[in-house]
Amino acid sequence: MGLKASSSLFCLAILLGVSSLVSSVNITRALEKYPEFSTMVELFAKTELTPIINKRQTITVLALTNDAIGSISGRPEEELKNILMNHVVLDYYDELKLKALKDKTTLLTTLYQSTGLGQQQNGFLNCSKTNGKIYFGSAVKGSPLTAEYVTTVFRNPYNLSVVQVSMPIVAPGLGAPVKVPPPPPMTPPPAPSPKKAGAAPAPGPAEEEDYADAPPGAAPETAPASAPSEDGSPSPAPENAGKKKMAAADEAEPPSSASNTGLSFGAVLVLGFMASFAGF
């Protein structure tokens, strides 16, 4: 009987031990397969937050990539520790739970609030869903919600969830705020391709006949330009020049019949004078 009881207690102890290992929180192991979050893991260890986080039974870590966390990694250690504690939520939120939130603001308690140092709600975060996107920000009045939810990196339901956010959250009183990065530059639209020159219109039938009669390479004949006259007046048009030529031809015609009769009478007188001279 005692042997059976001992065996039962031994098995129960093993089950409890395995259960505690499975359900325990270990932020280092959760992120060791994701090198893009290695800087945050190092900063947790540097600020001695790793053992504090791992003691919690239910948490959500708002993780930052190496590039995103670079804007705060160089700050004093105490300031950096307070900022990092504000990225550890004392509740479980994964993608399903976040997307199930209604379009209203939800208040989240962070690890910084548990220290008793929080003032004016800078140990709390606001989580809001707007136009299908989820944003986080400090719960201090007037603080912007600028850290956008990106994706769920790791989830061990109801114990540990690691969700990626776009930028650090620095609550008023914990340090200088981080400027929102500018949006990526817009790519200019490609330049339109040059339009092809339109083909010249085909010549009409009459033009084709004129080009066919002309010798190869001959340019079409053009009327010669009229030269100005000596007195500076414009030269007459071709039609007027033709009329003047006809008038000149009329003036050059042979003498009339009266002038011919006068010539014949003179020739008779000469012949008669020569005949009488021969008779003497």
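Figured I'd write up the structure that's included with this text. If you're wondering where the values come from, they're calculated on a predicted model, not measured in any experiment.

**Considerations on the sheet that holds strand β4 (residues 124-130)**
Move 1: The sheet built from seven strands is open, its strands ordered β2-β1-β7-β6-β5-β4-β3 with mixed pairing. The outermost strands of the open sheet, each flanked by one partner alone, are β2 (88-89) and β3 (106-109).
Move 2: The sheet contact formed by β3 and β4 spans four bridges and is antiparallel. Of the residues in β4, the one forming a bridge with Leu108 is Leu125.

**Focus: the side chain of Thr50**
Move 1: Assignment of secondary structure puts Thr50 in helix α4 (residues 50-54).
Move 2: Judged by its relative accessible area of 13%, Thr50 is buried.
Move 3: Once residues within four sequence positions are removed from consideration, Thr50 is found in contact with Ile27, Thr28, Phe44 and Ala45.

**Concerning helix α6 (residues 77-85)**
Move 1: For α6, every residue scored as buried is listed here: Leu80, Asn82, Ile83, Leu84 and Met85.
Move 2: Taken together, the buried residues of α6 touch α3 (38-46), α5 (66-69) and β2.

**Re the nonpolar core**
Move 1: Among the nonpolar cores identified, the biggest contains 48 residues, and Phe44, Ile53, Leu98 and Phe136 are the most heavily contacted of them.
Move 2: Ignoring anything within four residues of it in the chain, the contact list for Phe44 reads Ile27, Leu49, Thr50, Ile53, Val61, Leu84 and Val88.

**Concerning the pairing of strand β1 (residues 59-63)**
Move 1: Of all five residues that make up β1, five are buried, and the element is covered over most of its length.
Move 2: Neither face of β1 is open: one carries Ile59, Val61 and Ala63, the other Thr60 and Leu62, and all of them are buried.
Move 3: Strand direction decides the pairing type here: β1 and strand β7 (residues 160-165), joined by five bridges, are parallel. Its bridge partner lying in β7, Val61 is registered against Val162.
Move 4: Sheet topology note: the β1/β2 ladder contains two bridges and is antiparallel. Paired with Val61 across the two strands is Val88, which belongs to β2.

Analysis parameters
Residues numbered from 1 in each chain as written. Predicted model: local features only at pLDDT ≥ 70, side-chain atom pairs only at ≥ 80, totals over all residues. Heavy atoms only, no water. Pairing = 2+ DSSP bridges. Helix = DSSP H or I, 4+ residues; strand = E, 2+ residues; numbered from the N terminus. Buried < 20%, exposed > 50% of the residue type's maximum accessible area, 1.4 Å probe, protein only. Contact = heavy atoms within 4.5 Å. Core = buried A, V, L, I, M, F, W, Y, C linked by side-chain atoms within 4.5 Å.

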